Structures are given as C-alpha cells and as structure tokens.
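Here is how the chains run, residue by residue.
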Amino acid sequence: MRFAIILVSAALLASPLAAQTGATAIPTTTLSLGTATPGGGFPLYGNAFAEVMNAADPHLSIAPRNTRGSNENIPLLEKGELDLALVAGEPAYEAFAGIGRAPVRLKILTAIYSNPGLFVVRADSPYRTIRDLVGQPVAFGARGSGLPILARYVLDGIGLKQDEDFKAVYLDRAGDGPAMVEDGRVAALWGAGIGWPGFAAVASSAAGARFIAPDVEEMMRIRAKHSFLKPLLVPANSYPEQDAPIASLGSWSFVLTREDLPDDIAYRLARTLHGVEANFCKKLAQACETTASNTVAAAPKMELIHPGVMRYYREIGVVK
C-alpha cells in the first residue's frame, strides 16, 4: 500500500476524527514524521519526540516512519507524503539555499540538536588525526543521511575529498557502523552530535573509543571556506571514558514541515512541544537542546520558521 494512502490530508486534519466526549466530537490531529534508518540518531530522537508529544496532547497522533534519512525526507515533504521530518543541517542548508536544486518552500518547526562532526576509532588504533585516516576505509554514515554531506564540507575545508582520499563506505543502516569499527572492517566511523548512538556503541565496546576532530588550524580553514558551519562543543562525559570536552564544527538539525501545514497545527505543535521541554530533556539527553530560543538562534533566516510557530514565539516573548 502506498504510504500516501494512509496520510491525513489537510481537510482531514480539520475534521472531527476519533475521540468523542458525549455528543461532541474532539478533533484528532494525525501527522506522519520521517526519521531515518534504524540505529541512528534520528529514529532515536523521532520516536522520543512522538512519544512525548502524543502523551502531552491526547488528541495529537504523531506517527514516526523510518526513511533513508534527510535526502529522502526533503522530497517526501515536498510531495506531501510526510507532514513532518527530521533533516540534518547541511541538507537543510543546501535545500533552502537552492544548491544543486530549486530552493525548497518547507518550513522549520523546531531546531532539535547541534551536530558537532567527529570521527571515532578504536582506542587501541594508531589513528590520531584526520590526516592519519587518509587512504583508510572510513564509514561516512548511512546513504541518504546528512552525515556524509557534513563530512564532505568538513573535509573539503582542509583540502580532502571523501571519495578520493579515503576508502569511503556508505551504510545501508546507520546501526551497522559501530560493529565495523570494532572488527576492523573500517578504521573509523564518522558521526555527529551528543548522545549519538553510533558513538555510544563504539565507546561502550570492549576496545573503547578515541574521537578525532579537526584541530584549531583546520577549523579555521574550514570556517573560512564554509562559514555556515559553526564551532560546537561535545561536553566532557557525553560518551563513556570521554573525560575532556571536544571542540569541532557542525550545524543544527531541524524538524521541517511540509509547505502547506496549516498555521493552527504548527502553532499547536509548538505550544505542546515547548510546554514539555523539561520532560523531553529528562527522556532524551539530546532533546535538552530542543528549545524555542535555540530554534530562533539556529534558523538560517527567521522567515524560514513556520508562521504558526512564530505566532507562538511572539506570545511567549522569544521574538518580538
């Protein structure tokens, strides 16, 4: 069955579905949420997002759906086959800017978390710098996800090409990467973020982990060429045996909406989400960064934030 058949259209979103109170129908809003392949950060976040939101509003039904990641989520949103989707910062940047395609007309519901990009290797490996990994097999993330795009920008900034200077491996499932590091099939796994499942798995393995990020000089070179990448920090103890903070570069990932998501639905989602920020943070460490103020700071342009969300932000004083 085609997924579009089970999606709720804009007309249905406004109709009285499901729950009843006496003779009065209570509308239920059902929304599809695109995530990514199992084992990665997006399904982890997306499932927690849906659980928290659905619990906070009994007449809200957000249904997560595994996809191939950001590069599939964007066209699915454009075609109206998803209502909401998680999209990494680099694919979002390219889509909004019209790099390699026409600019999208999608909207930002919320920034979700920052994504400092790093390599992880076994703690007993000889690799300590990015240059040490040149010529080695490196898993750059799942096909269709935003991680390989982030890697491409970071490496380009220091004069390296991921498909020429490395034996690049692209995964069918994000969760396959850690085992490949542990058994030596790849020298390193590229990933991003705080609490990212791939990093946590390698760091928790018997061999342990070492993280490799651009050094200070490399970060200056990268920023000079790709200024949209921002300095970000992985705090100490974000992963097992990671005793010191790690400085790197990256961007913010977002929940994007289809262009025609009604303003009142976006307003309701924003009000529900930011009403449960504390609960969401307790449920998932990455979600501690999902705040209204971070969304305002992370959005490339204010007009990219959904008008319904902006109405809520004005009400609570986050924007004027």
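Presented here is an overview of the structure given in this document. Given the structure is predicted, the values throughout are model-derived calculations rather than measurements.

### Side note on the overall build of the chain
Then, number 1: When its secondary structure is counted, the chain shows 13 helices and 12 strands.
Then, number 2: A compact globule built from 320 residues would reach a C-alpha radius of gyration of about 20 Å, and the chain, at 20 Å, matches this within 12%.
Then, number 3: Across its three principal directions, the C-alpha atoms of the chain cover 70 × 40 × 40 Å.
Then, number 4: The buried share of the chain, taken over its 320 residues, is 53%.
Then, number 5: Residue pairs in contact within the chain that sit at least 24 positions apart in sequence constitute 72% of those at least 6 positions apart.
Then, number 6: Across the chain, 30 positive and 31 negative side-chain charges occur, with their mean positions spaced 3 Å apart.

### Comments concerning unusual backbone geometry
Then, number 1: We note that asparagine 237 has phi near 70 degrees; this positive angle belongs to a residue other than glycine.
Then, number 2: Considering the arrangement of structural elements, one finds asparagine 237 in the loop between β11 (230-234) and β12 (246-257).
Then, number 3: The residue glutamate 241 is not glycine, and still its phi comes out positive at about 65 degrees.
Then, number 4: Assignment of secondary structure puts glutamate 241 in the loop between β11 and β12.
Then, number 5: Glutamate 241 sits in the exposed class, given a relative accessible area of 71%.

### With respect to the packing of aromatic side chains
Then, number 1: Applying the stated criterion to the full structure yields 16 aromatic pairs.
Then, number 2: Seen from their ring centres, tyrosine 312 and tyrosine 313 are 6.4 Å apart, and the 55 degrees between their planes marks the pair as tilted. Taken as a pair, tyrosine 312 and tyrosine 313 share a single burial class, namely buried.
Then, number 3: Among the aromatic side chains, those forming a connected cluster through ring pairs are Phe119, Phe140, Phe166, Tyr170 and Trp190.
Then, number 4: Residue placement shows arginine 152 over the ring face of tyrosine 153; its charged tip is 5.2 Å from the ring centre.
Then, number 5: Across the ring face of tyrosine 267, the terminal group of arginine 311 is positioned such that the distance to the ring centre comes to 3.9 Å.

### Comments concerning the pairing of strand β3 (residues 29-34)
Then, number 1: With five of its six residues buried, β3 lies for the most part within the structure.
Then, number 2: In this structure, β3 lies alongside strand β4 (residues 60-65), joined through six bridges in parallel fashion. Paired with leucine 33 across the strands is proline 64, a residue of β4.
Then, number 3: Of the crossover connections in this fold, the one passing from β3 over helix α3 (residues 41-56) to the parallel β4 is right-handed.
Then, number 4: The sheet contact formed by β3 and strand β5 (residues 84-87) spans two bridges and is parallel. By the bridge assignment, glycine 34 is partnered in β5 with alanine 85.

Criteria and cut-off values
Residues numbered from 1 in each chain as written. Predicted model: local features only at pLDDT ≥ 70, side-chain atom pairs only at ≥ 80, totals over all residues. Heavy atoms only, no water. Helix = DSSP H or I, 4+ residues; strand = E, 2+ residues; numbered from the N terminus. Rg over C-alpha atoms; globule rule 2.2 N^0.38 Å. Buried < 20%, exposed > 50% of the residue type's maximum accessible area, 1.4 Å probe, protein only. Contact = heavy atoms within 4.5 Å. Lys, Arg positive; Asp, Glu negative; His and termini not counted. Charge placed at Lys NZ, Arg CZ, Asp CG, Glu CD. Phe/Tyr/Trp six-rings, centres within 6.5 Å; stacked < 30°, edge-to-face > 60°. Lys NZ or Arg CZ within 6 Å of the ring centre and 35° of its normal. Pairing = 2+ DSSP bridges. Right-handed = clockwise from strand over helix to strand, strands pointing away.

Bear in mind that shape data such as this cannot, by itself, settle questions of function.
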